[in-house]
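Chain and residue survey
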Amino acid sequence: MAQWEINLDISKTASLLNDCHHAYNTEINDLLLCALSRAFTQWNNGTPLYLNLEGHGREDPGDGRDTSRSVGWFTSSYPVLLEGEKGADLSRQIPAIKETLRKIPRKGIGYGIIRYLTNPEKSGFPHLNKTPEVSFNYLGVFNELTGLELSMAPDCPFPYALDINGLVESGSLRLIFAYNSRRFNEVTIRELAEQYKTRLYEIIRHCRKRKVTCRTPWDYGDSSLTEQ
């Protein structure tokens, strides 16, 4: 297992965290995953990105549960399919990614029960046996951190061919690409990482230019509405 890392400068990171969400009423993962989908589409000849999305579980699952007096993370891990096309317009793709993520029940909590405690043939979800080769996890903002290092032994079986972790440290977004060196070489991963950085900057510029917020069906609380 090897890794490659890219960093956004402090001003771009601040824009991504604070200035960009008004454009489409987004959350940080909407924009990070939109950029990743666009990067993969360019890098992988238009193949849709099927990835494992990991979350710390501290987001509101929508059932009113109060976790303010608890400690730790309630990690969730679940697969997501992000459709993409080369040259897709950001004004369509950002809302589409946002809607895809919003429609995941309770932000993925409960997926493990369906996957591991239910017979896929009887659950109505036979595709659950398909394990993504790519994983993504945005860890959040850390005011003080000694550095995120690889937390697995070198000889431990690596669950994903590519594991991307992001966090904000000292005001700068760090994106760490840990990869199976038997599957990828450093040049290939560096190319993907730089493509991702380029797509993030593209999204930041696009969102900052928008003066009026574009609402999506989720903002109106009606899942039967279409984008059109």
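Residues numbered from 1 in each chain as written. Predicted model: local features only at pLDDT ≥ 70, side-chain atom pairs only at ≥ 80, totals over all residues. Heavy atoms only, no water.

1. Quick notes on the sheet that holds strand E3 (residues 76-82)
Definition in use: Paired strands are those between which DSSP finds at least two bridges. Counting from the N terminus, the helices are DSSP H or I runs at least four residues long and the strands are E runs at least two residues long. Each axis is a line fitted through C-alpha atoms, taken for helices only over the stretch in contact, and angles between the N-to-C directions span 0 to 180 degrees.
Pairing within the open sheet is mixed, and its six strands lie in the order E1-E6-E5-E4-E2-E3. Edge strands, defined here as strands with exactly one partner in the open sheet, are strand E1 (2-7) and E3. Between one strand axis and the next, the sheet turns by 20 degrees as a mean value, whatever way the strands run. With seven bridges joining them, strand E2 (residues 49-55) and E3 adopt antiparallel strand pairing.

2. Topic: the nonpolar core
Filter applied, for reference: Each nonpolar core is a collection of buried residues, namely Ala, Val, Leu, Ile, Met, Phe, Trp, Tyr and Cys, held together in the definition by side-chain atoms within 4.5 Å. We call a residue buried when its accessible area falls under 20% of the maximum for its residue type, exposed when it is over 50%, and partly exposed in between, using a 1.4 Å probe and counting protein chains only. Two residues qualify as a contact provided that any one of their heavy atoms is within 4.5 Å of a heavy atom in the partner residue.
Judged by nonpolar contacts, the single largest core of 49 residues is most densely connected at Phe-136, Leu-162, Phe-177 and Tyr-196. Elements with a contribution of two residues or more to this core: helix H2 (28-43), E2, E3, helix H3 (90-102), strand E4 (134-142), strand E5 (162-169), strand E6 (172-179) and helix H6 (186-209). A total of ten residues in this core trace back to one element, the largest contributor, which is H2. Sequence-distant contacts of Tyr-196, defined by excluding residues within four places in its chain, comprise Leu-32, Ala-35, Leu-36, Ala-39, Phe-136, Leu-175 and Phe-177.

3. What about the pairing of E6?
Here E6 lies mainly inside the structure; eight of its eight residues are buried. Of the two faces of E6, the one lined by Ser-172, Arg-174, Ile-176 and Ala-178 and the one lined by Leu-173, Leu-175, Phe-177 and Tyr-179 are each fully buried. Sheet analysis places E1 next to E6, joined by six bridges and oriented antiparallel. Bridge assignment links Ala-2 to a residue of E6, and that residue is Tyr-179. When E5 meets E6, the two strands line up antiparallel, connected through eight bridges. Counted as the bridge partner of Asp-163 is Ala-178 from E6. Here E5 folds back onto E6, and the loop between the two strands holds two residues, one of which, Ser-170, carries a positive phi near 55 degrees.

4. Structural notes on a nonpolar patch on the surface
Put simply, the rule is: Patch members must show over 30% relative accessible area and no salt bridge, and they are joined within 9 Å when carrying like charges or within 5 Å when they are nonpolar side chains of Val, Leu, Ile, Met, Phe, Trp or Tyr. We get accessible surface area from the Shrake-Rupley algorithm with a probe of 1.4 Å; when it comes to residues, only the shown protein chains can shield them. Any carboxyl oxygen of Asp or Glu that lies within 4 Å of a side-chain nitrogen of Lys or Arg is treated as forming a salt bridge with it.
Together, Ile-113, Tyr-116 and Leu-117 line one region of the surface with nonpolar side chains, adding up to about 410 Å² of accessible area. Here Tyr-116 is to be found in helix H4 (residues 111-117). Here Tyr-116 falls in the exposed class, since its relative accessible area comes to 63%.

5. Considering the packing of aromatic side chains
The geometry of an aromatic ring pair is captured by the separation of the ring centres together with the interplanar angle, meaning the angle of the planes. For clarity, the threshold we go by: Any two of the Phe, Tyr and Trp rings considered here, Trp counted by its six-membered ring, make a pair once their centres fall within 6.5 Å; the pair's planes then place it as stacked at under 30 degrees, edge-to-face at over 60, or tilted in between.
One pass over the structure, following the stated rule, counts three aromatic pairs. A centroid spacing of 5.3 Å and a plane angle of 90 degrees characterise the contact between Phe-40 and Trp-43, whose relative ring orientation is edge-to-face. Here Phe-40 and its partner Trp-43 are both found in helix H2, three residues apart, which amounts to about one turn of the helix. In this structure Phe-40 comes out as buried when scored by relative accessible area, which is 5%.

So far we have only geometry, and geometry alone does not tell us how the molecule works.
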